[in-house]
Every structure is written in structure tokens, then in C-alpha cells.
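Overview (structure and organization)
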Protein chains: 2
Amino acid sequence: MTELDPEQAAARAAFEALRDRICAEFESIESETGSDARFTFLPWDRLDPDGSPGGGGVRGLMTGAVFEKVGVNVSTVAGSLGEEFGRTIHGAADDPRFFATGISLVAHMMNPHVPAVHMNLRFLNTTKRWHGGGADLNPPIPYAEDTEAFHAAMRGACAGGPPGDYDRFKAWADDYFFIPHRGVHRGVGGIFFDHLEGDFDSHLAFQIAVGDAFLSSFAAIVRHRRLAPYDDADVRRQLEWRGRYAEFNLVYDRGTLFGLKTGGNVDAILMSLPPRATWA
Amino acid sequence: MTELDPEQAAARAAFEALRDRICAEFESIESETGSDARFTFLPWDRLDPDGSPGGGGVRGLMTGAVFEKVGVNVSTVAGSLGEEFGRTIHGAADDPRFFATGISLVAHMMNPHVPAVHMNLRFLNTTKRWHGGGADLNPPIPYAEDTEAFHAAMRGACAGGPPGDYDRFKAWADDYFFIPHRGVHRGVGGIFFDHLEGDFDSHLAFQIAVGDAFLSSFAAIVRHRRLAPYDDADVRRQLEWRGRYAEFNLVYDRGTLFGLKTGGNVDAILMSLPPRATWA
């Protein structure tokens, strides 16, 4: 992979710093619960289809007492999308070269009363340059106050003005995080945005605001519910709900598809899958 | 749905009779193991996208002591594929109307030493009429003698001459039952065939021979291994292996895609998913 330009390097550094804040906070929650679980980090390299170096990433994974499985991946990749796939990607119809740097996080929680969560931020370059991302809350057993707190945090991250646009990005999440064949949403929503072009600094600042709002609101929800009593019926509900989550990720998720189609690291891409799931 | 023509009615009747033989044999295996598990059958109706009746099917499901979850679905559906999807289906590029009758079976077994299995037979009509199907063995813990017995049974079903063609259909299965993003096969193979056009009677007879060969060879394997001792490590291996199976079905399987795209019954289509699965 060739050297990063200043915007690419800034985006990668910001995503890595966010990753470090998230991991430190999640490890603190484990410590507060009497667990010594820590993230392990595994670097991986990507080869372009022609065999040349195509970047790579670092897969972080923690299995603990509160976080049954949380994966956070920062990847920085470049190369060619291939002709057919390139036609489906913004700005790559006539030139399949691409660059992407991003952070992707999914947490599946031990306690069925604690919501699972997803957060993803990315900076993509083809003949266009754009920012995308989102975060959504996925409670097996939903609580209105958690949903409201999470949405309020997302609204706050959007409140700094453009490119933030809460109503639009919330509606986009409702549209995106939907399982058509079941006619249900996969969770209780959040925000989703993509193809945001324009001033780099304000877009990156908006993305990091989303990441930090995710972190503070989710950490508060986890601390509030991590010790809630639960029974076998709650676990059954959680595991069946995780089956729906796996369906969404494997059948519809654009990030999963992008990763598999561009020869990304399979373990890092499928890190989002639940540690355990059931289908009736 | 309009009345079936004689070939359509004959195919449906043959698939239903095969279903009855399979269910009776699997229930016998449960009885021999001291379990009173029996299949339950749930009829379902399909509506065409325009709201008119589009056929339906019967979903059979048993959860027992040997069969942790076995689903067998016979469906007979007709209507329109829709313009976009029709272009991807044999003979439907210019006329999206279709008819399909078929049997589909997936068994996930309690004992990790007993292989999971899949079998499917279908008769499809667009502007063309063709037969397709296959069966493949999916052991979490493979045994060469089981693999050989299953392949020998498939070879036997093909031995009656055309349309049977073991070498071609075995290679087709190796090609089809493959998980590209992991670079591994989903199981130890079997046979796969599609778009077989020609004399209806000999093609249907071939399909039923495949179904009965599947039944006798699989039942023998199950009876041989159903009481084999196993430990936690075997179960972990089984559950992780089932995660791979779910990935294949949700990301690549043509039948699953066909069902979801044609508004089939979601529970019947996703009956193939494992009762429990894990992802590391």
C-alpha cells in the first residue's frame, strides 16, 4: 500500500485513538465487576487480488464477565474493488481503485438485560471521498429508558450542526437496520449515514463525536444493568434474538459484504457474529 | 394458484410420499432410542406479491433425543418472480411466471459424532421445465467410512443411467457446497444437480432414487453412531462447525435466496439453520 495522504492518516489516527478510549473504558467495566478480562489485539495483513500488499488492520477481542464477546477492528486498506463490485460502489464505476480506513465495533453482552451494540465509522476514497458510519442499539429485552438515552446521545452528537443531521440519520438507521424477510427491525435503532462529502475536518470531527457519544451512553447503560438478575427464559430470548442479528449481518449488512468482497480478514469481518445463537 | 398439470401433480405427490417415508424412519430411530419424539406438521400459505394465492406448503419439524432439530418442508408454489429476480432464473428472463414443487430437508443431530445432512429435490417450471436437487453430508467430526457409505449411496442412485451422472453431480456438489470467504467446503460433499431437462418420468424417478438412497444410507449412519460417547470438546467443535453451516446458508445458498426473494414462508426457509451455533 502506498503512503497515506494527510487526510487518510488523520482519519486512521482518530479512529485508533477512539478505539483506545473505548477499550480502556470497557476494560474498566470488567474490572469494576471483578473480572480481569482484557482485550487481545491481533494484527492482520490484506493482500490485493493481484498479490500486492493491500494494507491491513488490527482485530481487538475481549471475552469477559460483562462483555461475553466484544470485537473492535480498525482497518486501513487500499487496492482495487474489481470491475463488477466497483460498479456498485460510490465513485468507483469507471476506476475501481479504493482506499478505506475505519473502525468497527460489535458487543454481545453476557446479561440479557444489557443491550448488544454496534458502532462503525469509516472514511472511504474512490474517485470520491466520503465519510460514513453509524451506531445502533440491539437489546434482546428492550427498555424504553435505554433506548431514549442512546438516541439522546446520538442527537447530541449531531447537534453541532452540519454534517450532523439527526432526523435524517435516525430515519436512515430505521431504514437500514431492518430485516426484510422477517418484517422487523434488528434492534431499536440509532443513526446511520453514508456518502457524506465535503470539508474533511468537520466530517471527521462529527464522526469522532458520534464515537464518543456512543461510548459514554453505552457505558452508562452497561453499568446500570450489568448486575440485573436474569433467568433461563431471558437467556433463551437473548439467544434467539441473536439468531436474528446473525441473519441480518450475513444476508444484508453492507459492511460485511464489502469486507468479504474485498478480501478482508474473515475473522475480523465476522467478529460481529454472536458468540452463541439459537434458531427455533 | 391454478390447478396443477399432470407432471406437476405427480412430482408433488412423489415428494410428499418420500417425505412420509423419511419421517416414519426418523421417528423409528427416535423410538429405538427410547424417545417418543414425533414430527409436527404446520401448513402455510403463500401470497403472490399482488396478493393473490400463490400456493404454500407444509413444514414438518421434530426435536428429539437423536435429532436435535430436523426440518422437512414440502412446498408447491406459483406466481411471478418479479422482473429483476426473474432475469437470474433459468427460462424466466422474458416471462417471470413460475411454478415450483419440492422437498427440502436439513437434520442437525444431538451427538457431534453423527453428521448433519441436507437433501433437496425440486421440479421447476418457467418457460422451461427442469429438475434439480442434491444431498450432502455435514459431519462436525468426519469419519471416512460414513463419507464413503454416503457417496456410495449417491453413486448407486445415479447408476440407473441418464439422467444420473455421478461424477458430474459429485463435482457439482464440491463446487456448490463451498464457503468462498473461508476457502473450505461446508461438509464432505455428496451430489448436486440442476437444470436437468428432458423426459419427465425418468427425471422424477431419478430424483426419488436419490431421496431413497439418502434415506437408507443416512439412517444407517445415524443408527451406527447415535450412542457414541462425546465430551464438551466435541460439542464445542459441533457448535462452531454449525456457525460455518449458518454462514453458508445465509450468504450463499441458492434455495434460501430463492425462498426469501419469492416471498416464501420464512420459518420454512430458515428451518435449515442450526438449533444452536457459536462463533469464536
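Refer to the preceding data block for the structure.
A few points on the structure.

Rules behind the numbers
Residues numbered from 1 in each chain as written. Chains lettered and ligands numbered in written order. Predicted model: local features only at pLDDT ≥ 70, side-chain atom pairs only at ≥ 80, totals over all residues. Heavy atoms only, no water. Salt bridge = Lys/Arg side-chain N within 4 Å of Asp/Glu carboxyl O. Buried < 20%, exposed > 50% of the residue type's maximum accessible area, 1.4 Å probe, protein only. Contact = heavy atoms within 4.5 Å. Buried area = accessible area lost by both parts, 1.4 Å probe. Polar contact = N/O pair within 3.5 Å; in protein donor to acceptor, adjacent residues only side chain to side chain. Least-squares fit on C-alpha atoms with pLDDT ≥ 70 in both. Helix = DSSP H or I, 4+ residues; strand = E, 2+ residues; numbered from the N terminus. Expected span 1.5 Å × (residues − 1). Arc of directions from axis to C-beta. Pairing = 2+ DSSP bridges. Axes fitted to C-alpha atoms, helices over the stretch in contact; angles between N-to-C directions. Phe/Tyr/Trp six-rings, centres within 6.5 Å; stacked < 30°, edge-to-face > 60°. 1 Å grid on protein atoms, 1.4 Å probe; cavity = no way out; pocket = protein on both sides within 12 Å on 5 of 7 lines; lining within 4 Å. Points joined across faces, edges and corners; volume = space filled by probe spheres on them. Nonpolar A, V, L, I, M, F, W, Y, C, P; charged D, E, K, R; others polar. Lys, Arg positive; Asp, Glu negative; His and termini not counted.

**Remarks on the pattern of salt bridges**
Under the defined criterion, the tally for this structure stands at 42 salt bridges over all chains. Measuring nitrogen to oxygen at the nearest pair gives 2.9 Å for the salt bridge that ties aspartate 48 of chain B to arginine 46 of chain B. Neither aspartate 48 of chain B nor arginine 46 of chain B differs from the other in exposure class; each is buried. Linked through salt bridges whose partners overlap, the residues forming this network are Arg182, Glu240, Arg244 and Glu247 of chain A together with Asp267 of chain B.

**Looking at the interface of chain B and chain A**
Residue-level contacts link 20 residues of chain B with 20 residues of chain A. Taken together, the two surfaces of chain B and chain A that pack against each other cover about 1700 Å², and 66% of this comes from carbon and sulfur. Looking at the side of chain B facing chain A, the largest losses of area belong to His181, Leu250 and Trp279 of chain B, adding up to 35% of the total buried there. Our count for the contact surface shared by chain B and chain A stands at 2 salt bridges. Its salt-bridge partner being aspartate 267 of chain A, residue arginine 182 of chain B comes within 3.9 Å of it at the nearest N-O pair. There are 5 residue pairs in polar contact (both at pLDDT 80 or more) connecting chain B and chain A.

**Some details on the relation of the copies chain B and chain A**
Once turned by 180 degrees and shifted 0.0 Å along the axis, chain B lies on chain A with an RMSD of 0.0 Å. Such a combination of rotation and displacement between the chain copies is what one expects of a two-fold axis. Looking at chain B, 100% of its interface residues are interface residues in chain A too, so the copies touch through the same face.

**Points about helix α3 (residues 144-158) of chain A**
Residues and elements named next belong to chain A. For α3, spanning 15 residues, the distance from its first C-alpha to its last is 21 Å, which sits close to the expected 21 Å at 1.5 Å a residue. Of the positions making up α3, those classed as buried are Asp146, Thr147, Phe150, His151, Ala153, Met154, Ala157 and Cys158. Mapping the buried residues of α3 onto a view down its axis gives an arc of 155 degrees, with all of them on the same face. Along α3, the residues that are exposed and aim more than 90 degrees away from the buried face are Ala144, Glu145 and Glu148.

**Points about the sheet that holds strand β1 (residues 40-47) of chain B**
Residues and elements named next belong to chain B. Judged by pairing direction, the sheet is antiparallel, and its 7 strands sit side by side in the order β1-β2-β3-β4-β5-β6-β9 without closing on themselves. Either end of the sheet is taken by a strand with one partner, and the two such strands are β1 and β9 (190-196). Adjacent strand axes in the sheet meet at a mean angle of 10 degrees, parallel and antiparallel pairs treated alike. Note that β1 and strand β2 (residues 53-62) share 7 bridges and pair antiparallel. Its bridge partner being in β2, tryptophan 44 is matched across the sheet by glycine 57. Sheet strands touched by helix α1 (residues 6-32): β1, β2, β3 (67-80), β4 (97-109), β5 (116-125) and β6 (129-138). Its angle to β4, the strand with the most contacts, is close to 10 degrees. Sheet contacts for helix α6 (residues 232-251): β3, β4, β5 and β6; angle to β4, the most-contacted strand, approximately 170 degrees.

**Some points on the packing of aromatic side chains**
Each aromatic ring pair is summarised here by two numbers: the centre-to-centre distance and the angle between the ring planes. Residues and elements named next belong to chain B. Tallied over the full model, the rule gives 34 aromatic pairs over all chains. Ring plane angle 20 degrees and centroid distance 5.9 Å describe the contact between phenylalanine 39 and phenylalanine 41, whose orientation is recorded as stacked. We classify phenylalanine 39 as buried; its relative accessible area is 7%. Taken together, a centroid distance of 5.8 Å and an interplanar angle of 85 degrees make the contact between phenylalanine 177 and phenylalanine 192 edge-to-face. Separated by 15 residues along the polypeptide, phenylalanine 177 in the loop between α4 (166-176) and β7 (178-179) and phenylalanine 192 in strand β9 bring together distant segments of the chain.

**Some remarks on the layout of surface pockets**
All names here are of chain B. Estimates place the volume of the second largest pocket at around 880 Å³. Along its surface, the second largest pocket is lined by 47 residues, and Asn120, Arg122, Gly255, Thr256 and Phe258 are the ones closest to its centre. Looking at side-chain class alone, the lining of the second largest pocket contains 20 nonpolar, 21 polar and 6 charged residues.

**Observations regarding empty space enclosed by the protein**
Residues and elements named next belong to chain B. For the coordinates displayed, the defined rule picks out 1 cavity of 30 Å³ or more. Its boundaries defined by the atoms lining it, the largest cavity holds a volume of some 40 Å³. His108, Met109, Val114, Ala116, Pro140, Gln238, Trp241 and Arg242 are the residues that line the largest cavity. Elements with a contribution of two residues or more to the lining of the largest cavity: β4 and α6. If you tally residues by element for the lining of the largest cavity, the top one is α6, at 3 residues. Along the lines of polarity and charge, the residues of the lining of the largest cavity split into 5 nonpolar, 2 polar and 1 charged.

**Considering the environment of aspartate 231 of chain B**
All names here are of chain B. Among the structural elements, aspartate 231 can be located in the loop between α5 (200-225) and α6. What makes aspartate 231 partly exposed here is its relative accessible area of 44%. Distance from aspartate 231 to proline 112, taken between C-alpha atoms, is 9.1 Å for residues 119 residues apart in sequence. Separated by 3.2 Å, the side chain of aspartate 231 and the backbone nitrogen of alanine 233 make a polar contact. Separated by 2.9 Å, the side chain of aspartate 231 and the backbone nitrogen of aspartate 234 make a polar contact.

**What about the sheet that holds strand β1 (residues 40-47) of chain A?**
Residue and element names in this part refer to chain A. With respect to topology, 7 strands assemble into an open sheet ordered β1-β2-β3-β4-β5-β6-β9, the strand pairing being antiparallel. Either end of the sheet is taken by a strand with one partner, and the two such strands are β1 and β9 (190-196). For this sheet, the mean angle separating the axes of adjacent strands, direction not counted, is 10 degrees. Here helix α1 (residues 6-32) sits on the sheet in contact with β1, β2 (53-62), β3 (67-80), β4 (97-109), β5 (116-125) and β6 (129-138), set at roughly 10 degrees to β4.

**Remarks on the side chain of aspartate 234 of chain A**
Tracing the chain through its elements places aspartate 234 of chain A in helix α6 (residues 232-251). Of the buried charged residues, aspartate 234 of chain A lacks a salt bridge, with arginine 237 of chain A as the closest side chain of opposite charge at 5.5 Å.

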